Amino acid sequence: MPDLNKLIQTLHPLERAVIPVLENDIDALTVIRKTGMKEVEVMRALQWLENKGLVKINQTLKEIVNLDKNGALYVMEGMPEKRFLQALTEDESMTLDEIKDKAHLTKEEINICLGLLKKKGAIEILPRMRVDVTEEGRLLLGKESLEEQFLRKLPLDLAHMAKEEKYAYEELKKRKEIIKIDVTRIKKIKLTKTGEELSRLKLSDQFIDSLTQDVLSSGTWKEKNFRRYDVTINVPKIHGGRRHFVNQAVEYIKRVWLDMGFKEMKGNIVQTSFWNFDSLFTAQDHPVRDLQDTFYLKNPARGILPKKDLIDAIRKTHENGGNTGSKGWQYLWDRDESKKNVLRTHTTVLSAKTIAALKETDMPVKFFSVGKCFRNETVDWAHLFELTQVEGIVVDPNANLRHLLGYLRKFFSKMGYERIRIRPSYFPYTEPSAEIEAFHPVRKEWVELGGSGIFRPEVVKPLLGKDVPVLAWGLGMERMIGEYYNITDIRDLYRNDLRQLREMKVWMK
Ligand code: PHE
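Everything numeric in this text was worked out from a predicted model, so none of it was measured.

### A short note on the sheet that holds strand β1 (residues 55–67)
Note: strands within a sheet are paired through backbone hydrogen bonds, in either parallel or antiparallel orientation. With antiparallel pairing, three strands are arranged side by side in an open sheet as β5-β1-β6. Edge positions in the sheet fall to β5 (156–157) and β6 (179–191), since each of these pairs with one other strand and no more. By the bridge criterion, two bridges tie β1 to β5 in an arrangement that is antiparallel. Bridging across to β5, V65 finds its partner in L156.

Structure follows, in C-alpha cells:
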C-alpha cells in the first residue's frame, strides 16, 4: 500500500486539476469537458496517474455512423426516390429526362431510383421510355421510410443498433456517400483502490511546484510544502546527440598512438597510383592494381606526379633496381599508368608520402594514421568495400623486428587483445613481411588483424635517399572493434540505424 500522503505530495498541478472530476467509467472526453483543460494536458495527467497506479485507462474503439456528403443533402432536400415519385404524381407519365429536370436529380440518382422503385413496385415502365407511378408508389410517398428515419437519427453507434436500423444501414451503405463510419477512440477511466481513496480527499493547493527567486525572497516557501519529485517514475527517453560508436573507437585508437609518441599522418582519399602502388614497389602488372580490386576514378582520371628525380628513382627501381641493390621487376615502367587516380586501397600510401617528406634530422620518428580505405570487394559479413585501417611506421636506424612486435603488442593490449603472434607473409613493399594475429579472448581463437613488416630498400631508398629500417603495419579496424560492440557482421557497424546508434554502449577501454 503506497503512502497516500507521500503520493499526494508528488502530484503535478495537471493531475491535481483532473482528480476532482474523476469517477469510475468516466471517459477522457468528459474529463476534458468538465475540467476545461486542453486535451494534451488531460491525457498527460491521466497517463501520469496511471503510472502512479491511481487509475487504469481502458481504450476502446467506437464506430459511429454519420451522415456523409449526399446524406446531409438528402436530409434537407428529401431522398431522391421520394423526389422521383413526387415529380410523377403531379403530372402524367414522364420521360426520365423530364423527371431528372423536375426533381433536380443526377443521372446516377435517376438510375438508382429506377432500380429501387421498380423493386418496390412503385413505378411502371411504359413504352417509349416513359414512366408512371403506381398505387403502391403513391402509398410509399406518404410514409417515412426506414432509411429516412435512420438518417434522421444519426449519429448512431454501430455496435448498438436496432433491427430496423441495421436494415436501413445495410441498404444505405450500398449507395454513394450517404453514410460514413467514423472511428473514435474512447478512453475510459477506472479508479484503482488508492485512486478512489484519493479522489475522495480534498487536495490543497498549498504547495510549491518549482523553486524561483520570488519564492525564496518572499519567504513563501516557509508556509508551503514543496512538491515531491518521484525519481522512479517512467519518463520518456531523451536521446541527446552523441558520437557514432565507431568514431568513439577511432578517437580512442588515435589517443593510444599519440600517447606512445606517434605523430598523426593525414591525407586525401584520392591518390595517384604512383603513391598508392609504385612508390611502394608494387609492379604495374600486380593483380591488386586490377579493376576488380581497386576503384579507379573516372573524373579526374589522372593526377599529378611528384618531382622528376623522384619519378626517375621509382622508375629505375621498378625497371632494374636502380641504386637499391635490387634487380627490380625487370619491365618497362609506364609513367601514364602511375598517373591514374584511385581511391586509396591502404593507408600505407600515407606512410610512403611521409617518408618522402622526411629530412635526416627528423629521425628517429614515429607516425600513425586511422583512415578510410577502399577496395572493390563483394560485400559480405566479413568484407566491406570501405574499411578503416590503423597504420603506423617507425623510422629509426636502430629499429628491428622485435620493436615492431613490441609496438603491436602494446597497441593490441590496449585494444583488449593480450596475446598476439606473427606469421610469415608477403607484401611487395616489406621484407620480412608478417601477418598479425591476435587471440580472441571470447571466441578463443586466433584472428587475422593485419599486415606488417620492415619496408624494403626498394621503398625507402628512393623516397628517403638512403636505406633506414622502417617498421610498418596496417591493421583492419572494423574486425578489431566488432567484438567490443557485439557485432559479428561488420556491415552492422555502418547500418545507420537510429535505434542501434542510440542504444549502443559507450567505448570505455
Ligand atoms: N598495406 C597492407 C594491407 O593493406 C598492410 C601493411 C602495411 C603491410 C604496412 C605491411 C606493412 O593489408
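Back to the text.
### Observations regarding the pairing of strand β14 (residues 420–424)
Examined bridge by bridge, β14 and strand β15 (residues 430–440) share five bridges and lie antiparallel to one another. Residue pairing for β15: I420 is matched across the bridge by A438. In textbook terms, the turn of a hairpin is the stretch between consecutive antiparallel strands, and for β14 and β15 this stretch comprises five residues.

### Description of empty space enclosed by the protein
Counted according to the given criterion, the structure contains one cavity of 30 Å³ or more. In this structure, the largest cavity spans a volume of roughly 40 Å³. In terms of lining residues, the largest cavity is bounded by I19, L22, L49, L54, V55, L191, G195, L198 and S199. When residues of the lining of the largest cavity are assigned to their parent elements, the largest contribution, three residues, is made by helix α12 (residues 193–200). Residues of the lining of the largest cavity, tallied by class, amount to seven nonpolar, two polar and no charged.

### Considerations on unusual backbone geometry
Between L154 and the following residue, P155, the backbone shows a cis peptide bond with an omega angle of 0 degrees. Mapped onto the elements of the fold, P155 is located in the loop between α10 (146–153) and β5. Here E431 and P432 are connected by a cis peptide whose omega angle stands at 0 degrees. Following the sequence through the fold, P432 ends up in strand β15. Despite not being glycine, R128 has its phi angle at roughly 55 degrees, a positive value. Secondary-structure assignment places R128 in the loop between β3 (123–126) and β4 (130–133).

### Let's talk about the site of the ligand
The immediate surroundings of the ligand are formed by 13 residues, with H346, T348, R375, Q389 and Y429 found nearest. A distance of 3.1 Å is found between a nitrogen atom of the ligand and a side-chain nitrogen or oxygen belonging to H346. Side-chain polar atom of Q389 to an oxygen atom of the ligand: 3.0 Å apart, as the coordinates give it. At a threshold of 2 Å from the grid points, most atoms of the ligand map onto the largest pocket. Taken together, the residues of the shell around the ligand break down into four nonpolar, seven polar and two charged.

### Some points on the nonpolar core
F411, F412, M480 and I481 are the most contacted members of the largest nonpolar core, which has 42 residues in total. Broken down by secondary-structure element, the contributors of at least two residues to this core are α14 (245–259), β12 (365–374), β13 (386–395), α19 (401–414), β15, β16 (445–455), β17 (470–476) and α21 (477–482). For this core, the element with the most residues is α14, which contributes eight residues. Those residues in contact with F411 that sit more than four places away from it in its chain are I253, V256, W257, M260, V390, L475 and M480. Among the nonpolar cores identified, the runner-up in size contains 29 residues, and F281, I314, V395 and V459 belong to it.

Rules of the game
Residues numbered from 1 in each chain as written. Predicted model: local features only at pLDDT ≥ 70, side-chain atom pairs only at ≥ 80, totals over all residues. Heavy atoms only, no water. Pairing = 2+ DSSP bridges. Helix = DSSP H or I, 4+ residues; strand = E, 2+ residues; numbered from the N terminus. 1 Å grid on protein atoms, 1.4 Å probe; cavity = no way out; pocket = protein on both sides within 12 Å on 5 of 7 lines; lining within 4 Å. Points joined across faces, edges and corners; volume = space filled by probe spheres on them. Nonpolar A, V, L, I, M, F, W, Y, C, P; charged D, E, K, R; others polar. Near = heavy atom within 4 Å. Polar contact = N/O pair within 3.5 Å; in protein donor to acceptor, adjacent residues only side chain to side chain. Sits in = over half its atoms within 2 Å of the grid points. Core = buried A, V, L, I, M, F, W, Y, C linked by side-chain atoms within 4.5 Å. Buried < 20%, exposed > 50% of the residue type's maximum accessible area, 1.4 Å probe, protein only. Contact = heavy atoms within 4.5 Å.

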